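# Architecture at a glance
In case you want the letters, here they are:
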Amino acid sequence: MTSLTALVRSLRLPELDCVSWAHAHNYEFETRLTDRRRQAYESHCAGQSVSDQTTWLNAHKDFVDARIKGRKPFVPDTFADINADAQTDAIADDLLILRVEDLRRPLADQKLELTDLRTWQDIARGRLHKKDVDPARAEARLEEFLDSWNGRRDFRPAFAAFEHELGSADNLATGDWPHLLRDRLGLAHYDGTERVPVGLMGIKPAEVRSAAARHVAASFARPTVLDGMVNRYFFPTPADFRFGATLHLDPGAAWTFTSEILHFPVDYLPKHLIALGEISVAVPPHCLRALRDRHLKGLQAEPGGAGFGEFIGSADCLKGPPCR
Amino acid sequence: MPLNPISAWLAALERDPDAAVTDLFAGRSDRGQFSRLDDADFLARALAEPGADPASRDRVDKGVSHWLTACHAADAALRHRIGVQAHLYRLNEALAAIVLLDLPRSARQLRDMHFAYRRWLSQYDYGYGDGPYAGYWRALAATQVDRRFQNLWNDFVVRADERYPSYALHIGLTGLRGLDLPSDQRLLRLLNALLRRAWRIGTEAAAAEFAKRLGSVAADVPMAKDGWRGRVLRLLESLEAEERAHQHSLNRLHAFRQVLAHVLRPWIGDISSGRATAQSIRVPDLPTFDERSRVARELHESRPIAIKHALDLFDRHRAYADASGEAYFFVRTLCNLGHRVLQHPGLNGRALDDLRTLLWHALVWEPINPYPWSFWAELEQAEGREDVAETVLWEAVRRFPDNEPSRVELALLLQRRHERDRTPALLAEAEQLLREAVAGNPDHAPSRGELALLLQRRHEREHTPELLGEAEQLLREVVKKQPLDLHARSGLARLLARNGRSPEAREVLSQGLAEREDPVWRRMMGSIDEGVPLPLPALKVKSSKSIRAVADHPVDDELRHLQANAAAARFAYARERGEAGDSTELSTNAELARFYRGWFGLEPPVVGQDGVRPPYALAALAALSDPEQWIRLERDYPANARDTLLLKRYAGVELSNEELAGLKAWLEFADTARALEEEGDDGDEGSPPTSVAPNSYDQFLRRRLRATGFLAASTTGALATADRSGDVDRVVEKHLARGIDADIAPIVLAA
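## Some words on the overall build of chain B
- Of regular secondary structure, chain B possesses 40 helices and zero strands.
- Contacts spanning at least 24 positions in sequence make up 65% of the contacts within chain B whose residues lie at least 6 apart.
- Here chain B displays about 31300 Å² of accessible surface, and carbon together with sulfur accounts for 51% of that area.

Quick look at the structure:
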């Protein structure tokens, strides 16, 4: 047993809070790491003298910063051979992959507002008429915005879901999709305190494959604990599951299995931009333990999920009322 | 774990902004449910926290600026510790934070430290837009407050995919869109850059791209099609004028216009119908080749009206550069003809003021062009401010280490000063500069010629035959490679004739005349035949009488940093290492370490938790002012052990017998080739190097210290003088400054 494994197990003590349990579960029940990837991670942690949860989180950031968020042309581990066990190509070509993109940086870089994008998109799609700005010009401007944004994006894996599970993209676009998807996809870091402009992007698997092939990388992978920062709202899935599963943030909503996949980034064109919106409403109040236990129950009820994982046995619900 | 990690982090920020920001980037801060946010996004979230202290933004700004400073100072160490990928990611996040959070102090630091940061981050440019080099430019474009980078944005647009990576295009467009100009001028500038890009590439696809980008611009600036037609036509006319000025054939341009008309039709209709509108678009015209030639002739003939015409010509070039983004003609014309203006007998104070104003534009628009710096030095000398000229040239040598003319000019200036002041240090520095120029570029004839002259002058003072031999070899090498070089052949003939070898001198000149009839060689031949001595060319010692009183006429902020004396160059270095300060202190002769701190306004960075260490020179200065720092200096910089011994001796610190013996052995190590052969390598630790390049800085340092009697003098106590004006002070200062240079990667002249 490695020291990291021992540390992780030690986080599952009744006297520790549910966040510690969450972190421990995410690593301990991760089934998709190749031996090589796990060894690389554990060697990294050992090299950083990981001895407790704090130093573990610190080491994990170093690891992710280097191996997932590295700069081009380096391909992150997610799409490299070291992650072969998690990679998949079981994505039918006729699916539409949906992703929520944070637009703050490209807007700030280009000194634009969300309303600018909305205006161009509306003109380009004939929903708005403006003197001396025809749809072709608006489309060209939108393309320039996206082109500039594409230029600054790195190769980190894109967390995404599928239209056939989330609902028709066109229908989504007319509703409160930013909050609906924020909650359903477990994007708790967009907690509504600051207004975050977002874009609903829809891409075809073939486009992902084409982009990945140019860089000799895998196209798709099921998410693992090492593909992002230590995240209490991440939950691994059993080895037999075709995809990952997002943690629904709304305890009031019926639990549904929402498949999650990581894909190689694609350069966006105007056709990919389905809708524009803003996240500005708070995450529904919830208890982390309740959310995670409910999610686990759902996973266990799915084919191949029996006996997977462990319910949180913390006696410390972050010292009192629901944590959010 | 804290229930609200944001509040906990903000509390840490209030206690210690630098530590809070450093801990965040290093992953030592608990982010709770916000762990998925990138570093810059977490900062944004923190500042949005309800009830957050309004001062938090300033604290973040301060923390980010200090973090960047520390990264710059300890770049290699950080990279080795956390790996290059993590390092680049975090750098990018810091730069992104400046834009995302609108951090004015950090943005100003990016501008102030532009030269140093550009050099620092360019080493990490792999041609992709997600790297910190692109992030740096992006931040500059998004936070610009003036037009200093306008020509660069223009260049980015025109030359992306050629001189610059492809991501530069969008950064340039953002920069041009954000220029503080009336909207119509801004629009013209943007269109002009896009047009010139298409013109440069020249393909039909490029023309189609221009048309599409014009469409994109038009989405931002609703305007009737005729307005666009007029503007495109007017800009094409301007391009044609430039092609004529280059004396290029217009065939290619005419073909380009036809293609352009075709691709623009779907977007703005028939551009030829925009002629009436084009006539109403005001764009400065580029002066013609003939106009320039006329002004050059007038200056050559020293006509009274020449200066006025020259200044008018420069200003028209400047206006064209300002409008078009093409600074090439302006800078070239200013440097070439400005040189002749400075030699005009009618030069007055007002003309100098105008030249100085024009020069500022050249320096800002083309910061990596060495020629404006040469012109600047010349201008300062014309004003009788030779000390400032020296400072300028030291800075030019530092900025453009591969530019031999800067070294040659500085060497000449130092020799001229020596002629007046009789300061041996100046001559030694001049020689070293020329040796470095010769070593750096074997094909640069002027540096060889000037070094040969300097060695001859030394020989005539010191009667050292080796110097004469070396001078002869230098000249012979040039003559062999460049037989028609006037100065080298003349110099060689002169050297031979002055040393009793007239027949050889005659032969050298005959060989030249066989290739080309030259009146100078012919005259020299005649003098040799008549037995008339050939004098060494005199150094043109400029009169100390200046054109006007050296009063405190206003200088721009940019120039103020390099005023007063040559020591300013080293502080400019230190400033570019990450500290800021008040340059007015340069005018006082302050104690060295205190001066550095006064210049910085900050304490130098100290050894910290992340192993961040200041450059050796800064740490050494700290030790010079605080003897208790010597132990730390020795411990933390073992590779600089010899320098530490030198500085301790300089400061009057007691050395052990063993240390003294080692220092003495190093100082007394002979530099001649014969000595190198004789001494061999005994392999002992502390023994002097056996293989030393002939023009090495190490040799130069030893010679200088021997010349000042360093070791012997140091037995009587500290050698540092109160006002740092002694010979040893100068050697130490220059040595430390050079040590700072060594920490900085060589400049890359191409962006």
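## Looking at the overall build of chain A
- Per the secondary structure count, chain A includes twelve helices and eight strands.
- In terms of C-alpha radius of gyration, chain A reaches 20 Å, essentially the compact-globule figure of 20 Å for 324 residues.
- The principal-axis extents of the C-alpha atoms in chain A amount to approximately 70 × 45 × 40 Å.
- Among the 324 residues that make up chain A, the fraction classed as buried is 60%.
- Taking the contacts inside chain A whose residues are at least 6 apart along the sequence as the reference set, 78% of them involve residues at least 24 apart.
- Put simply, chain A shows about 12200 Å² of open surface, and 52% of that area lies on carbon and sulfur atoms.

## Overview of a nonpolar patch on the surface
- Residues Phe74 of chain A together with Val84 and Tyr126 of chain B make up a contiguous nonpolar surface patch of about 250 Å² in total accessible area.
- You can see Tyr126 of chain B is positioned in the loop between helix 8 (114-122) and helix 9 (132-143).
- The class of Tyr126 of chain B is partly exposed, set by a relative accessible area of 36%.

## A short note on helix 7 (residues 135-152) of chain A
- End to end, helix 7 of chain A covers 26 Å across 18 residues, agreeing with the expected 26 Å (1.5 Å per residue, within 8%).
- If you check which residues of helix 7 of chain A are buried, you get Arg137, Ala138, Ala140, Arg141, Leu142, Glu144, Phe145, Leu146, Ser148, Trp149, Asn150 and Arg152 of chain A.

## A look at the interface of chain B and chain A
- Each partner contributes residues to the interface: chain B has 58 residues there, and chain A has 58 residues.
- In this assembly, chain B packs against chain A so that about 5200 Å² is buried in total across both faces, 52% of it on carbon and sulfur atoms.
- In this structure, the connection of chain B to chain A is made through 14 salt bridges.
- At the boundary of chain B with chain A, the tally comes to 24 residue pairs in polar contact (both at pLDDT 80 or more).
- If you list the elements that add at least two residues to the side of chain B that touches chain A, you get helix 2 (17-26), helix 3 (39-47), helix 6 (84-100), helix 9, helix 11 (168-177), helix 13 (204-220), helix 14 (225-245) and helix 15 (251-268) of chain B.
- At ten residues, the largest contribution of residues to the side of chain B that touches chain A is made by helix 6 of chain B.
- In terms of residue class, the side of chain B that touches chain A is made up of 29 nonpolar, twelve polar and 17 charged.

## Brief notes about the pairing of strand 3 (residues 158-162) of chain A
All names here are of chain A.
- Taken across its five residues, strand 3 has five buried, putting it largely inside the fold.
- One ladder, built from three bridges, connects strand 3 with strand 7 (residues 259-263); its direction is antiparallel. Along strand 7, the bridge assignment pairs Phe159 with Leu262.

## Quick word on the pattern of salt bridges
All names here are of chain A.
- A full pass over the atoms with the stated rule returns 89 salt bridges over all chains.
- As a salt-bridge pair, Glu28 and Arg9 come within 2.8 Å of each other at their nearest N and O atoms. Taken as a pair, Glu28 in helix 2 (residues 18-28) and Arg9 in helix 1 (residues 3-10) lie far apart in primary sequence, 19 residues in all.
- Judged by relative accessible area, which is 42%, Arg9 ranks as partly exposed.

## Considerations on the pairing of strand 2 (residues 97-102) of chain A
Residues and elements named next belong to chain A.
- Along strand 2, six of the six residues are buried, which leaves the element largely enclosed by surrounding structure.
- Residues of strand 2 alternate between two faces, with Ile97, Arg99 and Glu101 on one and Leu98, Val100 and Asp102 on the opposite face, all of them buried.
- Bridging between strand 2 and strand 3 involves two bridges; their strand directions are antiparallel. Each bridged residue has a counterpart across the sheet, and for Leu98 the counterpart in strand 3 is Ala161.
- As judged from the six bridges shared by strand 2 and strand 4 (residues 196-203), these two strands associate in the antiparallel manner. Bridge pairing in strand 4 places Leu98 opposite Gly202.

## Details of the confidence of the model for chain B
Residues and elements named next belong to chain B.
- On average, chain B scores 82 in pLDDT, and the residues at 70 or more come to 83%.
- Mean pLDDT in chain B bottoms out at helix 32 (residues 592-600), which sits at 36, and peaks at helix 3, which reaches 97.
- Low pLDDT, under 50, characterises residues 741-751; the predicted model gives this stretch 23 contacts beyond four residues in sequence or across chains.
- Interface predicted TM-score (ipTM) for the complex: 0.96; the corresponding pTM is 0.76.

## Let's talk about unusual backbone geometry
- Following Lys72 of chain A, the chain continues into Pro73 of chain A via a peptide bond in cis, with omega recorded as 5°.
- Among the structural elements, Pro73 of chain A can be located in the loop between helix 4 (53-67) and strand 1 (87-88).
- Phi is positive for Ser302 of chain B, close to 55°, though the residue is something other than glycine.
- The phi dihedral of His463 of chain B is positive, around 55°, even though this residue is not glycine.
- Residue placement: His463 of chain B occurs in the loop between helix 25 (445-462) and helix 26 (465-481).

## A look at the environment of Ala327 of chain B
All names here are of chain B.
- Among the structural elements, Ala327 can be located in the loop between helix 18 (306-324) and helix 19 (328-343).
- Residues Ala327 and Leu260, 67 residues apart in the sequence, show an inter-C-alpha distance of 25 Å.
- Excluding residues that lie within four positions of it along the chain, Ala327 makes contacts with Asn151, Ala321, Trp365 and Glu366.

## Some points on the side chain of Glu260 of chain A
- Within the fold, Glu260 of chain A resides in strand 7.
- Put simply, Glu260 of chain A is tucked away with no salt bridge, and the nearest opposite charge, on Arg36 of chain B, sits 5.0 Å away.
- In this view, Glu260 of chain A contacts Phe159, Ala160, Leu185, Pro223, Phe243, Gly244, Ala245 and Thr246 of chain A; residues no more than four positions away in its chain are not counted.

## Quick word on the packing of aromatic side chains
- A complete count under the given rule lists 27 aromatic pairs over all chains for this structure.
- A centroid spacing of 5.9 Å and a plane angle of 70° characterise the contact between Tyr133 of chain B and Trp137 of chain B, whose relative ring orientation is edge-to-face. In this pair, Tyr133 of chain B and Trp137 of chain B are both assigned in helix 9, four residues apart and thus about one turn of the helix distant.
- Owing to a relative accessible area of 5%, Tyr133 of chain B belongs among the buried residues under this scheme.
- Of the residues examined, Trp137 of chain B reaches a relative accessible area of 2% and is grouped as buried.
- Ring centres 5.8 Å apart and planes at 50° place the aromatic pair Phe149 of chain B and Trp153 of chain B in the tilted group.
- You can call Trp153 of chain B buried: its relative accessible area is 0%.
- Geometry around Trp149 of chain A places Arg153 of chain A over its ring, the cationic atom sitting 5.5 Å from the centre.
- The ring of Phe159 of chain A carries Arg36 of chain B above its face, with NZ or CZ at 4.5 Å from the centroid.

Cut-offs applied
Residues numbered from 1 in each chain as written. Chains lettered and ligands numbered in written order. Predicted model: local features only at pLDDT ≥ 70, side-chain atom pairs only at ≥ 80, totals over all residues. Heavy atoms only, no water. Helix = DSSP H or I, 4+ residues; strand = E, 2+ residues; numbered from the N terminus. Contact = heavy atoms within 4.5 Å. Areas by Shrake-Rupley, 256 points an atom, 1.4 Å probe, with all protein chains shown as cover. Rg over C-alpha atoms; globule rule 2.2 N^0.38 Å. Buried < 20%, exposed > 50% of the residue type's maximum accessible area, 1.4 Å probe, protein only. Patch = residues over 30% accessible without salt bridge, like charges linked within 9 Å, V, L, I, M, F, W, Y side chains within 5 Å. Salt bridge = Lys/Arg side-chain N within 4 Å of Asp/Glu carboxyl O. Expected span 1.5 Å × (residues − 1). Buried area = accessible area lost by both parts, 1.4 Å probe. Polar contact = N/O pair within 3.5 Å; in protein donor to acceptor, adjacent residues only side chain to side chain. Nonpolar A, V, L, I, M, F, W, Y, C, P; charged D, E, K, R; others polar. Pairing = 2+ DSSP bridges. pLDDT = per-residue confidence, 0-100. Lys, Arg positive; Asp, Glu negative; His and termini not counted. Phe/Tyr/Trp six-rings, centres within 6.5 Å; stacked < 30°, edge-to-face > 60°. Lys NZ or Arg CZ within 6 Å of the ring centre and 35° of its normal.

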